[in-house]
Amino acid sequence: MAPRKRSRHGLGFLCCFGGSDLPEINLRDSHPLQYMEFSSPIPNPEELNVRFAELVDELDLTDKNREAMFALPPEKKWQIYCSKKKEQEDPNKLATSWPDYYIDRINSMAAMQSLYAFDEEETEMRNQVVEDLKTALRTQPMRFVTRFIELEGLTCLLNFLRSMDHATCESRIHTSLIGCIKALMNNSQGRAHVLAQPEAISTIAQSLRTENSKTKVAVLEILGAVCLVPGGHKKVLQAMLHYQVYAAERTRFQTLLNELDRSLGRYRDEVNLKTAIMSFINAVLNAGAGEDNLEFRLHLRYEFLMLGIQPVIDKLRQHENAILDKHLDFFEMVRNEDDLELARRFDMVHIDTKSASQMFELIHRKLKHTEAYPCLLSVLHHCLQMPYKRNGGYLQQWQLLDRILQQIVLQDERGADPDLAPLENFNVKNIVNMLINENEVKQWRDQAEKFRKEHMELVSRLERKERECETKTLEKEEMMRTLNKMKDKLARESQELRQARGQVAELVAQLSELSERVPGTVWNEIDDMQVFRILDLEDFEKMFSAYQRHQKELGSTEDIYLASRKVKELSVIDGRRAQNCIILLSKLKLSNEEIRQAVLKMDEQEDLAKDMLEQLLKFIPEKSDIDLLEEHKHEIERMARADRFLYEMSRIDHYQQRLQALFFKKKFQERLAEAKPKVEAILLASRELIRSKRLKQMLEVVLAIGNFMNKGQRGGAYGFRVASLNKIADTKSSIDRNISLLHYLIMTLEKHFPDILNMPSELQHLPEAAKVNLAELEKEVGNLRRGLRAVEVELEYQRRQVREPSDKFVPVMSDFITVSSFSFSELEDQLNEARDKFAKALVHFGEQESKMQPDEFFGIFDTFLQAFSEARQDLEAMRRRKEEEERRARMEAMLKEQRERERWQRQRKVRAGSALDEGGGEFDDLVSALRSGEVFDKDLCKLKRSRKRSGSQALEVTRERAINRLNY
């Protein structure tokens, strides 16, 4: 046997030889190599082996295929050699037998794609070029692939993918380009070259952004298979992060989950795409670091769960496709095992990772009696101080905290993260070592800090006391200085006022002397009115006012005005009440006259809202207010705003009664609408309970069961209190504590009296009736009755009075009384009927009328119906759990049968293990194994063995998790 140039373990045989017939050897070509007559004599064995070894090396075969080729007789070797050489020397293929031709054509296609609109023939020709390259990469000798790599053929393909316009992106050319890369990776040298390119896998991932499902499937198959190649898993995660930015995804893998949930309307294409997505997800979760690292699998799977993959998986079961179901089963089986393993760490059977309270309780319990517990408290304490305001820039800070925790969980001893580290230069091990080295120093530092804080606290308290004493002293001194200033100011103003009064008196005396014209004097000829008209009296007043100095002290004429207003305003109302009244008036934004007219006209213009009316009722003028205001009515112009408002409102005849009547009118329909449904609920619920035949039959069953439990076949009871219904759910089975007497009752009804299960449909008004407090309802109806009577009394009074033309009280309230009295009579009649029906319902069920109110009575039945419904749901969940267990058992049996059948039918068994560890193997076989799910078969077997070892309890928990899974 000729020496081989590289050692490779294949994923399977290329061909199998047996018998004396001439075999057909398939060399990854679309046309099998056929034997031909010798065109020249067979060379000597040594030369033949040399030539044949060159041919085999060019074919890039696996070890077992090489052995099979070299085991052929010399005649067959020579026939194969001559046949292949003749094909390579075919003059019709010389132009396209070298990669230069394809690289030039593809570069030209990439340059012209957005410049020209190609017709159908030209488009087909362009697609054929790419298809021919794909075929050549699969079938041409090794030197073709080597030359293609040397001429940067991969760069040519990747550049075309990056620069592709929308039309080309959605065409078959896109799919064929991905096929070329896949064909290149089917060769060991080509696969190494693709993986060595830094941006290759990320560029391939960009092709997921297309509507062509075949292109997506091809891309996902490449990415999934690369996950299984040594060193490829991290490149795929890097590619998905790149795609997140490229496609503007909110989070990684978002597009994949959207595609997994989207319906294409074409069954075959939809199943193929969703199978490819699930196979890719399983490869991402379980290959690379996911093979042995539980934390990494939980970390990545949480991303998919948060995106809502679980309900989508449940939905995918509807396709009823065996291969797709196999991938779904593998996802759920590994998830259940991982959840069980996580729970074991906390001595639990299951952890609800959707419940923040349960996760906190587990962490609290785990760390409570450890040295780490103060650190947990510190983390929580600082989390409380983290920003949380809505629409604020706080999200990035919480993301930073999340990513730091991810690094702590995922980083290995070397500081490497199996997922791409979101934080640069963040080495958990170095930081932990630093904390360990500083721990002793930190203890002394903490002790010193404690003493320093205590000392500073004492100093701070002393300083605070000193400042308080100084402040009190300074305040006292300041108050004395201010008081003295005020005394001096008042003394000066009093002196000035006395002087001004003297001047005024003197001027008056002089004027009185000249009040009459004196004949024969100059004053008889003087007319001061002419001068009076010319003088700037305002300026004069400013210049010579007796209060000129007072003006300067106030600072401005506006201050003088405000000061004069304070002096002139008259207020006799309590200060706080007046202030609140002014606030109300500012909200009303109406003048006193407008409010008065609104009250007289019974608010025809809807100026007074109900809440404003309610506030106005708080400011009814009291008798003491009216008496004081009457004393100062001659000074109405000087009255403060609140005083004047109360005075003017007090002038309205029966102002309080009018306001109360108006408020009652506005609120009447609203109060009636609140009371009426409550009355109807009692009435209808009473009727339903009395008339329900299904309820009566259910009570018969309950009585029979109760009598049997008490005394055997027939007890002595002829009935029971309705409150006993809610004790049924508390009676547990002695065999299974999860089963109550209520569950058994429902199972009995399902088996023998299925019609009784529709009982809730006959009792629809119980929930509302259970909320009604009859005493409060009757009190409200009484208030409405008294309110109507008060309006009628006021109406009789107003009819006897002489009214202003704008007074609308009598006509408006007459109409109101007519309509509202009729509505209220209906409500009273309904309430009387409801009382009667409720009393009959109590008697009907043997309850004492005086000892039970509607909310208690109806509440008993409402609580029972809720428990009844929940118990039915429990039973349905138990049945689904059982059906799922049976379905899973059938699925496992079917998978086992399918594997056995494939083992006998296939000539090779594809595994992802040993072949990939040495860098060899056919990429197509790996993709095929990933697509069918065979690549995970050994993991399935390992999981099954693990489940057997875990015992019956773990098995039960795993089965239960298959049903009660989290819906993120």
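Each value, and the rule that gives it
- All chains use their own residue numbering, which begins from 1 and follows the written sequence.
- Only residues with pLDDT of 70 or above have their local features reported here, since the model is predicted, and side-chain atom pairs are shown and tallied only from 80 upward, although totals for entire chains, interfaces and linings are computed over all residues.
- To obtain the side-chain values, all non-hydrogen atoms of the structure were used and water was disregarded.
- Here a strand is any run of E in DSSP of at least two residues, a helix any run of H or I of at least four, and the numbering for each starts at the N terminus.
- By definition here, a helix of n residues has an expected span of 1.5 Å times n minus one.
- Per-residue accessibility, obtained with a 1.4 Å probe over protein chains only, is compared with the maximum for each type, and a residue is labelled buried under 20%, exposed over 50%, and partly exposed between these values.
- Residue contacts are counted whenever heavy atoms from the two residues lie within 4.5 Å of one another.
- Here, a salt bridge means any side-chain nitrogen of Lys or Arg that lies within 4 Å of a carboxyl oxygen of Asp or Glu.
- Centres within 6.5 Å are what make two rings of Phe, Tyr or Trp a pair, Trp counting through its six-membered ring; a difference in plane orientation under 30 degrees is then read as stacked, over 60 as edge-to-face, and the rest as tilted.

It is worth spelling out helix H38 (residues 809–844) at this point. Along its 36 residues, H38 runs 50 Å from first to last C-alpha, staying within 8% of the 52 Å computed at 1.5 Å per residue. The first or second residue beyond H38 is Gly 846, which carries a positive phi of 75 degrees.

What follows is about the side chain of Ser 806. Note on placement: Ser 806 falls in the loop between helix H37 (774–799) and H38. By relative accessible area, Ser 806 is classed as buried at 15%. Those residues in contact with Ser 806, other than ones at most four positions away along the chain, are Gln 597, Leu 600 and Lys 601.

All right, on to the pattern of salt bridges then. It is possible for side chains bearing opposite charge to pair when their charged atoms get close. Counting across every chain of the model gives 40 salt bridges. As a salt-bridge pair, Asp 603 and Lys 666 come within 2.9 Å of each other at their nearest N and O atoms. With a gap of 63 residues between them, Asp 603 in the loop between helix H29 (592–600) and helix H30 (610–616) and Lys 666 in helix H33 (residues 655–691) connect regions that are remote in the sequence. Grouping residues by exposure puts Asp 603 and Lys 666 together as buried.

With that settled, consider the packing of aromatic side chains. Evaluation of the coordinates by the stated rule reveals 14 aromatic pairs. A ring pair is formed by Phe 857 and Phe 861, whose centres lie 5.3 Å apart and whose planes are at 75 degrees; its orientation type is edge-to-face. Of this pair, Phe 857 and Phe 861 both sit in helix H39 (residues 854–905), four residues apart, roughly one helical turn. Taking 5.9 Å as the distance between ring centres and 45 degrees as the angle between the ring planes, the aromatic pair formed by Phe 864 and Phe 868 counts as tilted. Of this pair, Phe 864 and Phe 868 both sit in helix H39, four residues apart, which is roughly one turn of the helix. Overall, the relative accessible area of 2% leaves Phe 864 in the buried class. Given the relative accessible area of 1%, Phe 868 is considered buried. Members of the aromatic cluster, connected to one another through ring pairs, are Phe 838, Phe 845, Phe 857, Phe 858 and Phe 861.

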